[in-house]
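Summary of the model geometry
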Amino acid sequence: MKVTVVGAGAVGASCAEYIAIKNFASEVVILDIKEGYAEGKAMDLMQCASLNSFDTKIVGSTNDYSKTAGSDICVITSGIPRKPGMTREELIGINAGIVKTVSSSLVEHSPNTIIIVVSNPMDTMTYLVHQTTDLPKHKIIGMGGALDSARFKYRLAEAMEAPISDIDGMVIGGHSDKGMVPLTSHATRNSIKVSEFISEERLNQVKEDTKVGGATLTKLLGTSAWYAPGAAVSALVQAIACDQKKMFPCSALLEGEYGLSNLCIGVPVLLGRNGIEKIIDVPLNNAEKAHLAESAEGVKKTNGLLEL
Ligand SMILES: NC(=O)C1=CN([C@@H]2O[C@H](COP(=O)(O)OP(=O)(O)OC[C@H]3O[C@@H](n4cnc5c(N)ncnc54)[C@H](O)[C@@H]3O)[C@@H](O)[C@H]2O)C=CC1
Ligand SMILES: O=C([O-])CC(=O)C(=O)O
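The rules behind each value
- Residues numbered from 1 in each chain as written.
- Chains lettered and ligands numbered in written order.
- Predicted model: local features only at pLDDT ≥ 70, side-chain atom pairs only at ≥ 80, totals over all residues.
- Heavy atoms only, no water.
- UniProt positions renumbered as here; feature names shortened; annotations may be inferred.
- Helix = DSSP H or I, 4+ residues; strand = E, 2+ residues; numbered from the N terminus.
- Near = heavy atom within 4 Å.
- Polar contact = N/O pair within 3.5 Å; in protein donor to acceptor, adjacent residues only side chain to side chain.
- Areas by Shrake-Rupley, 256 points an atom, 1.4 Å probe, with all protein chains shown as cover.
- Domains from an automatic or database assignment.
- Buried < 20%, exposed > 50% of the residue type's maximum accessible area, 1.4 Å probe, protein only.
- Contact = heavy atoms within 4.5 Å.
- Salt bridge = Lys/Arg side-chain N within 4 Å of Asp/Glu carboxyl O.

As recorded in an unreviewed UniProt entry, the protein chain goes by Malate dehydrogenase and comes from Winogradskyella pelagia. UniProt annotates the protein chain under Sequence similarities (unreviewed entry) with the comment "Belongs to the LDH/MDH superfamily."

Some remarks on the UniProt feature "domain: Lactate/malate dehydrogenase C-terminal" (unreviewed entry) in the protein chain
This chain's UniProt record puts "domain: Lactate/malate dehydrogenase C-terminal" (unreviewed entry) on residues 147-301. For the annotated span residues 147-301, helix accounts for 43% and strand for 25% of the residues, and the straight-line distance between the end C-alpha atoms is 23 Å.

Some remarks on the site of ligand 2
In the vicinity of ligand 2, the contacting residues are Arg 82, Arg 88, Asn 120, Leu 147, Arg 151, His 175, Gly 214, Thr 218 and Ser 224. One of the side-chain nitrogen or oxygen atoms of Arg 88 is found 2.8 Å away from an oxygen atom of ligand 2. Separating an oxygen atom of ligand 2 from a side-chain N or O atom of Asn 120 is a distance of 2.9 Å. Considered on its own, ligand 2 offers 270 Å² of accessible surface; in the complex 94% of this is hidden by protein. Elements represented by at least two residues in the shell around ligand 2 include exactly α6 (145-160) and α8 (213-221). When we break the shell around ligand 2 down by domain, the ones giving at least three residues each are domain 1 (2-143) and domain 2 (145-303).

Digging into the UniProt feature "domain: Lactate/malate dehydrogenase N-terminal" (unreviewed entry) in the protein chain
With numbering aligned to this structure, UniProt lists the feature "domain: Lactate/malate dehydrogenase N-terminal" (unreviewed entry) at residues 1-142. When the span residues 1-142 is considered, its composition is 39% helix and 20% strand, and the gap between its end C-alpha atoms is 20 Å.

Re the environment of Asn 303
Along the chain, the position of Asn 303 falls in helix α10 (residues 286-303). A relative accessible area of 8% places Asn 303 in the buried class. Taking C-alpha positions, Asn 303 is 45 Å from Ser 50, a pair spaced 253 residues apart along the chain. Sequence-distant contacts of Asn 303, that is, excluding residues within four places in its chain, are made with Thr 124, Tyr 127 and Leu 263.

Comments concerning the pattern of salt bridges
Any two side chains of opposite charge can pair, on the condition that their charged atoms come close. On inspection of all chains with the given rule, the structure shows nine salt bridges. The partner of Asp 243 in a salt bridge is Lys 245, and the shortest N-O contact between them spans 3.0 Å. Taken together, the shared-partner salt bridges connect Asp 243, Lys 245, Arg 273 and Glu 277 into one network.

Right under this line is the structure:
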């Protein structure tokens, strides 16, 4: 199993590290446009191998796509992150050009690959990869919901003073400050609805804190987060590489599911060796349906800014 990660920055390196530590891939290629940067990150990570007991070979490449040839899975993290006060949507001007070039180069060298898109604004960048490459729709996956759901569970556990392993919950919709739809009606603690444990007011606070999870960290760090994003990407890569059929909310091209079409947005999917193996239709209450429809409008508006 060969995995390429484009972008050796904060998220790319974190994701490569988690993949290596989990020891399921034979090779991880890290590619960056900055001279020597990916080679440096690869060497540093390889020097963790004996300490962290992994055998994954990590190779760095300065923009040489021949090293990525034959990748089973490619992750795109190249592009600029936001600064405090910015929205993810404001990154489109620079990141669209980068994602377009990178996705074409990846497919040229790995025509059968599965692509996981991380660069923001992620749902629109995922849509752009559909427009740029001729990969089938199940092979293009946007990562956002897995991270947002992890943040939702963190906030729920905090509110209930419960261990996170007791909590289950999912966030669907667009990966944006306003577009995320935390499914509070489905969230549970050991199969009991979370509304049995906390007030509606506290649950609404959890929902709002979840939606601005990325912005909160960006304000604290001065740039956006990388540990949980890297962990979330590595979980998707592992689900595909190990054919786990695990369910994650991912940005997928919709053709009528949830009453939506011609956009990529976060919905629950099953991930296995073929990429997106199934889109799961979850029953939503009226408020969640309305929020998802509004979120889709937002994503479509951002897609409209693409120069296709
Ligand atoms: N979807 C999600 O849940 C998340 C998305 N992100 C997004 O991921 C992206 C990366 O974030 P960070 O790693 O923090 O940024 P970073 O600035 O640390 O790393 C980005 C890297 O991309 C490289 N790069 C730029 N243009 C390139 C090109 N044409 N080819 C190859 N490499 C290129 C840069 O040299 C840099 O090393 C941002 O757009 C950020 O908003 C970040 C966290 C979560
Ligand atoms: O907040 C950002 O800009 C980066 C991101 O997508 C996240 O951490 O959720």
